[in-house]
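Descriptive structure summary
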Amino acid sequence: MPHMPQSTRLGRHVVIEDGVSIGEHVVIGHHSVILQGTQIRDHVTIGSNCVVGIQPAANERMRKDSDAERNLVIEAGTKIGNLVSLYAGSTIGETVFIGDHASIRENVQIEEASVIGRAAIIELNTTIGKNCTVQTQAYVTGDTTLEDNVFIGPCVSMSNDKYMGAQAYSLKGPIIKQGAKIGNNASLLPGITIGSHAIVGAGAVVTKDIGANTIVAGVPAKKIDA
Amino acid sequence: MPHMPQSTRLGRHVVIEDGVSIGEHVVIGHHSVILQGTQIRDHVTIGSNCVVGIQPAANERMRKDSDAERNLVIEAGTKIGNLVSLYAGSTIGETVFIGDHASIRENVQIEEASVIGRAAIIELNTTIGKNCTVQTQAYVTGDTTLEDNVFIGPCVSMSNDKYMGAQAYSLKGPIIKQGAKIGNNASLLPGITIGSHAIVGAGAVVTKDIGANTIVAGVPAKKIDA
Amino acid sequence: MPHMPQSTRLGRHVVIEDGVSIGEHVVIGHHSVILQGTQIRDHVTIGSNCVVGIQPAANERMRKDSDAERNLVIEAGTKIGNLVSLYAGSTIGETVFIGDHASIRENVQIEEASVIGRAAIIELNTTIGKNCTVQTQAYVTGDTTLEDNVFIGPCVSMSNDKYMGAQAYSLKGPIIKQGAKIGNNASLLPGITIGSHAIVGAGAVVTKDIGANTIVAGVPAKKIDA
């Protein structure tokens, strides 16, 4: 095990690989695994049975990421639940909350005070601003941008592959502008932009760009009056 | 470790914190973590890599629950899968089945013989009656009531926050009356009531109350003939 | 622990039960649990905190499977993520990739080079052909057939129980013919057939059979021009 401050509180059977750095007053639950090179700042809490700092893997049919050798950084004051998986090459900002069973891939940036819900999944190359809420079981696809104060309801689904694997295509997730809110179980198609403070109704299927301050609902989603 | 009956069968590297009580003929799989104060009754089975009896946590933007200091109680004959997370302050009734990867929050009451599917999530302050089925990946939001014999299909989504974090609002999940059935991937909005023995079609988006014995489908959901 | 080749690389606190067979150059991450009778072929990689080779369990209200005593077989070159659960009685083919948090039940056959996404769930008695992609959080219900080269988008939902537990009924999942593509968050009803190279739009609810080379979208799904 690497050097740890006296203020560290470790559960039982915790595995900490070489090259991990740990700040002051860090708490790590039972059976959690902290993989090589992970950087954990002050006052971070990690639950039990987590796997943190995973190196990307793939089979021959999957996209590989060239620069994933960077470390995972978990900034000060962030709380991570139980049974969570986090990849190398991402930065989790200060005072973020990550729920149980959540998974965050490589090359993701999450800014301060955002909340990632239970079993939510954030795919690679995605940026999440400050004070965002991504609720339970929501799926944020790769190559997505969430600006500040965005709300993603439970079970929201996104995609980034217009041709579903059939054509060479530059993958592009949605761009969701500041303060926009997406209702539960809505579906967003690849590459669309949701304008600032727009609202997407529960279960809507959004097939084109939505302007700022607009409210849409239905399949396909159409503008409605508030 | 606390005192355990001779009939207990423990896997390897199980962690049992102080103040846990364990009945007769309990089986706990490898690497599972039983946190402080959990009460496990007779003939309960828990799989591997579970985390059981979790104390609620939050960051400063999230709701905190004042009375979560009560214990988790798992009643006799209940079976819990692998990689499951269960919170303190909830009671799981007799002969309940909880699938792998499921998560159950604090202040939840689940009555006897109900089935919670694989990767299903039950949020806080929710009551689930007898003989209910909550299928795989379904999301039961906070402050929800399921009466007896309710069927929630796979991937059903619910919400309890009408203003998606924008306004102070008393959170309120759906009320689902006895014997109602919700089809797969349907979406339920906050505070609606689904009448007894009503049926909601797959993929429907339910935006208002549904009467007893009614069948609805579509987006938004409308009454149809059987 | 059973005999292992010298080429095996084991993480810390790995549990390997009796009757497990392990090929050459196998890698198993920290805290993973390999249950009785599992057969792991050459060059297989398994992440951390997995549970592999689970025997089916049920309460008195659930379907039991009579012939689940067969072993789990993981064929050569397959990669399995972290926090994954795999059941006994299934065969995972060569060079398959299984993402973190995924779960695969008993009596499932997955053929070579297919990809099962992060947190995807494959229920019992299901067959998945070669070169299929089942994306993140997709739900493949029991008794389903996916032919070769099928694409299942993220968060797709399927069901196999027409009467939602209300009647005795032979459970039947969808049949998805070769090369068909299902868009994200679409819902498929029990027993329908999706023709070869058909395309189902995101968020569609498919209530009847879809012919080969057909494109459908909407709720309920209707034919559209490309």
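Residues numbered from 1 in each chain as written. Chains lettered and ligands numbered in written order. Predicted model: local features only at pLDDT ≥ 70, side-chain atom pairs only at ≥ 80, totals over all residues. Heavy atoms only, no water.

1. Concerning the overall build of chain A
Check the secondary structure of chain A and you find zero helices and 31 strands. Its C-alpha atoms give chain A a radius of gyration of 18 Å, near enough to 17 Å, the size a compact globule of 226 residues would have. C-alpha atoms of chain A, sized along the principal axes, occupy 60 × 40 × 20 Å. Within the span of chain A, comprising 226 residues, buried residues form 60% of the whole. Across chain A, every contact between residues at least 6 apart in sequence was considered, and the portion connecting residues at least 24 apart equals 22%. Approximately 8100 Å² of chain A is accessible, and the part contributed by carbon and sulfur atoms is 45%. (Helix = DSSP H or I, 4+ residues; strand = E, 2+ residues; numbered from the N terminus. Rg over C-alpha atoms; globule rule 2.2 N^0.38 Å. Buried < 20%, exposed > 50% of the residue type's maximum accessible area, 1.4 Å probe, protein only. Contact = heavy atoms within 4.5 Å. Areas by Shrake-Rupley, 256 points an atom, 1.4 Å probe, with all protein chains shown as cover.)

2. With respect to the domain arrangement of chain A
Residues and elements named next belong to chain A. Under the domain assignment, chain A is made up of domain 1 (1–57 + 67–107) and domain 2 (121–226). The centre of domain 1, based on its C-alpha atoms, is set 28 Å off from the matching centre of domain 2. Between domain 1 and domain 2, the residue contacts involve five residues of the former and six residues of the latter. The three residues of domain 1 that bury the most area against domain 2 are Ser103, Arg105 and Asn107, which together make up 74% of that side's buried surface. Counting every contact that joins domain 1 to domain 2 gives five residue pairs in polar contact (both at pLDDT 80 or more). Of the residues in the side of domain 1 that touches domain 2, the class split is one nonpolar, two polar and two charged. (Domains from an automatic or database assignment. Buried area = accessible area lost by both parts, 1.4 Å probe. Polar contact = N/O pair within 3.5 Å; in protein donor to acceptor, adjacent residues only side chain to side chain. Nonpolar A, V, L, I, M, F, W, Y, C, P; charged D, E, K, R; others polar.)

3. Examining the pairing of strand E8 (residues 51–54) of chain B
Note: strand E5 (residues 33–34) of chain B against E8 of chain B, two bridges, orientation parallel. Paired with valine 33 of chain B across the two strands is valine 51 of chain B, which belongs to E8 of chain B. (Pairing = 2+ DSSP bridges.)

4. Quick notes on the sheet that holds strand E11 (residues 85–87) of chain B
Strand order across the open sheet formed by seven strands is E2-E5-E8-E11-E14-E17-E20 (chain B), with parallel pairing between neighbours. The open sheet has two free edges, formed respectively by strand E2 (15–16) and strand E20 (139–140) of chain B, since each of these has just one partner strand.

5. A short note on the relation of the copies chain C and chain B
Superposing chain C onto chain B requires a rotation of 120 degrees together with a translation of 0.0 Å along the rotation axis, leaving an RMSD of 0.0 Å. Classification of the inter-copy transformation places it as that of a three-fold axis. (Least-squares fit on C-alpha atoms with pLDDT ≥ 70 in both.)

6. Notes on the pairing of strand E8 (residues 51–54) of chain C
With three bridges connecting them, E8 of chain C and strand E11 (residues 85–87) of chain C associate as parallel partners. Bridge pairing links valine 51 of chain C to serine 85 of chain C in E11 of chain C.

7. Some details on the environment of aspartate 100 of chain A
All names here are of chain A. Along the polypeptide, aspartate 100 turns up in the loop between strand E13 (97–98) and strand E14 (103–104). Remark: the alpha-carbon pair of aspartate 100 and alanine 58, spanning 42 residues in sequence, is separated by 24 Å. Within the local environment of aspartate 100, its side chain forms a polar contact with the backbone nitrogen of asparagine 82, the two atoms lying 2.7 Å apart. A polar side-chain atom of aspartate 100 sits 2.6 Å from a polar atom in the side chain of arginine 118.

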